[in-house]
Amino acid sequence: MTDHLHFPALLRMLDERSAAFRAAVAEAPSLDADVPSCPGWTLYDLANHLSEGDRFWAHIVLNTAPGDERPSKDGLAAPREREELISWLADSTEQLLTALREAGPDRSCWAWWEPLASPHTVAAVARRRVPESLIHTYDAQLASGSPQELPATEAGDAIEEFLATVCTGTVPWPGEPATMDYHAAETGSWRQTVDAAGSRFTRLTAAEADGSKPTAAIHGTASEMALLMYMRIPADTLRIEGDADLLQRLQDWG
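Quick look at the structure, then. (Residues numbered from 1 in each chain as written. Predicted model: local features only at pLDDT ≥ 70, side-chain atom pairs only at ≥ 80, totals over all residues. Heavy atoms only, no water.)

A few points about the overall build of the chain
At step 1: Per the secondary structure count, the chain includes eight helices and five strands.
At step 2: Listing the helices and strands of the chain from first to last along the sequence gives α-α-α-α-α-β-β-β-α-β-α-β-α.
At step 3: When its C-alpha atoms are laid out on the principal axes, the chain stretches across 55 × 40 × 30 Å.
At step 4: Within the chain, buried positions represent 52% of all 254 residues.
At step 5: Contacts in the chain between residues far apart in sequence, at least 24 positions, make up 68% of those at least 6 positions apart.
At step 6: For the chain, the exposed area adds up to about 11,500 Å²; of that, 51% sits on carbon and sulfur atoms. (Helix = DSSP H or I, 4+ residues; strand = E, 2+ residues; numbered from the N terminus. Buried < 20%, exposed > 50% of the residue type's maximum accessible area, 1.4 Å probe, protein only. Contact = heavy atoms within 4.5 Å. Areas by Shrake-Rupley, 256 points an atom, 1.4 Å probe, with all protein chains shown as cover.)

Concerning the layout of surface pockets
At step 1: The space that makes up the largest pocket amounts to roughly 530 Å³.
At step 2: What lines the largest pocket is a set of 24 residues, among which Phe 162, Val 166, Cys 167, Leu 250 and Gly 254 lie closest to the centre.
At step 3: Elements represented by at least two residues in the lining of the largest pocket include exactly helix 5 (152–166), helix 7 (222–229) and helix 8 (246–253).
At step 4: Approximately 270 Å³ is the volume found for the second largest pocket.
At step 5: Around the second largest pocket, the lining is made up of 17 residues, and of these His 49, Trp 57, Arg 128, Arg 129 and Glu 132 lie nearest the centre.
At step 6: Among the elements that take part in the lining of the second largest pocket, helix 4 (residues 122–144) stands out by supplying six residues, more than any other. (1 Å grid on protein atoms, 1.4 Å probe; cavity = no way out; pocket = protein on both sides within 12 Å on 5 of 7 lines; lining within 4 Å. Points joined across faces, edges and corners; volume = space filled by probe spheres on them.)

Concerning the nonpolar core
At step 1: In this structure, Leu 150, Ile 159, Met 180, Tyr 182 and Ile 218 are the most contacted members of the largest nonpolar core, which totals 31 residues.
At step 2: Of all the elements in the fold, those that place two or more residues in this core are helix 4, helix 5, strand 1 (178–184), strand 2 (188–195), strand 4 (216–220), helix 7 and helix 8.
At step 3: With six residues, helix 7 is the single largest residue contributor to this core.
At step 4: One finds Trp 57, Ala 103, Trp 110 and Ala 111 within the second-largest nonpolar core, a separate group that totals 26 residues. (Core = buried A, V, L, I, M, F, W, Y, C linked by side-chain atoms within 4.5 Å.)

Section: the packing of aromatic side chains
At step 1: Taken as a whole and judged by the stated rule, the model has seven aromatic pairs.
At step 2: Each ring, one from Phe 56 and one from Trp 57, has its centre 5.6 Å from the other, and the planes form 80°; the classification is edge-to-face. Considered together, Phe 56 and Trp 57 belong to a single accessibility category, that of buried residues.
At step 3: When the centroid spacing of 5.2 Å and the interplanar angle of 85° are considered together, the rings of Trp 112 and Trp 113 count as edge-to-face.
At step 4: The class for Trp 113 is buried, based on a relative accessible area of 2%. (Phe/Tyr/Trp six-rings, centres within 6.5 Å; stacked < 30°, edge-to-face > 60°.)

Notes on the packing of helix 3 (residues 82–103) against helix 4
Geometry of a packed helix pair, given as the angle between the helix axes and the separation of the axes.
At step 1: Following both chains from N to C, one finds helix 3 and helix 4 inclined at 155°, their axes separated by 10 Å at the closest point. With respect to helix 4, the element helix 3 is oriented roughly antiparallel. Crossing handedness for the pair helix 3 and helix 4: left-handed. Listed contacts from helix 4 to Leu 96, Leu 100 and Ala 103 of helix 3 are Val 122, Val 125, Ala 126 and Arg 129.
At step 2: When its residues are assigned to classes, the contact of helix 3 with helix 4 shows six nonpolar, no polar and one charged. (Axes fitted to C-alpha atoms, helices over the stretch in contact; angles between N-to-C directions. Parallel < 35°, antiparallel > 145°, perpendicular 65-115°, else oblique. Left-handed = near helix turned anticlockwise from the far one by under 90°. Nonpolar A, V, L, I, M, F, W, Y, C, P; charged D, E, K, R; others polar.)

Details of the sheet that holds strand 2
At step 1: Overall, mixed pairing links the five strands, which are arranged 3-2-1-4-5 in an open sheet. A single partner strand is all that each edge strand has here, and the edge strands are strand 3 (198–204) and strand 5 (239–242). Taking the axes of each pair of neighbouring strands and ignoring which way they run, one obtains an average angle of 15° across the sheet.
At step 2: Looking at chain direction, strand 1 and strand 4 are connected through five bridges and run parallel. Bridge pairing in strand 4 places Asp 181 opposite Ala 217.
At step 3: Strand contacts of helix 8: strand 1, strand 2, strand 3 and strand 4, with the helix running at about 105° to strand 1, the strand carrying the most contacts. (Pairing = 2+ DSSP bridges.)

Here is the structure:
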């Protein structure tokens, strides 16, 4: 997926997932409800984290350049009363969307990831914020007692974005070279390769996916695959072929 071509779609996805998050907050029995997928966090903690991130990145895309020092998050705490919190969340998202539109997809900015597969651009920031809202909406729905399957389009891009931003790097893999294939039923397949040069990924064609011989392969829906990558569901809920321990080693490697 090319970030630039899909920039308007990323903004739409971000707006829709943020609205779904606010709906989950509104429906929850209490802001003190535990979030099972984020141990030690209440729903308020989760909402504060998401709104803080929206405001933080809104500042970044308009005010930073690659190589700058990491900006501060001071002064971004959300209110604790539910109606005020929901309004704060909506305003946080609007601040981010306005900043992204004003900056445009090609503007360079600070980012924490290695710029190998995800560049330090506004488009990459927008793409990173979609799975943040996507996964945390699922977390909020868990806290409110009504978890929903992730939308396939957003989940499919969350898989590739995770591989590009979180998993691509130059830190040497400590074990024998290995390959892990991820097969999402509705959206496609990807291969992660790890070796002494680090970690990288490629998107597989249907023919490559059918004929591939990886160290291990995981099969599931796009929703299941994205939730697995973010460690929201256990690996044994999906079908795994080959070296079943490779996923745990990848997760431990971090």
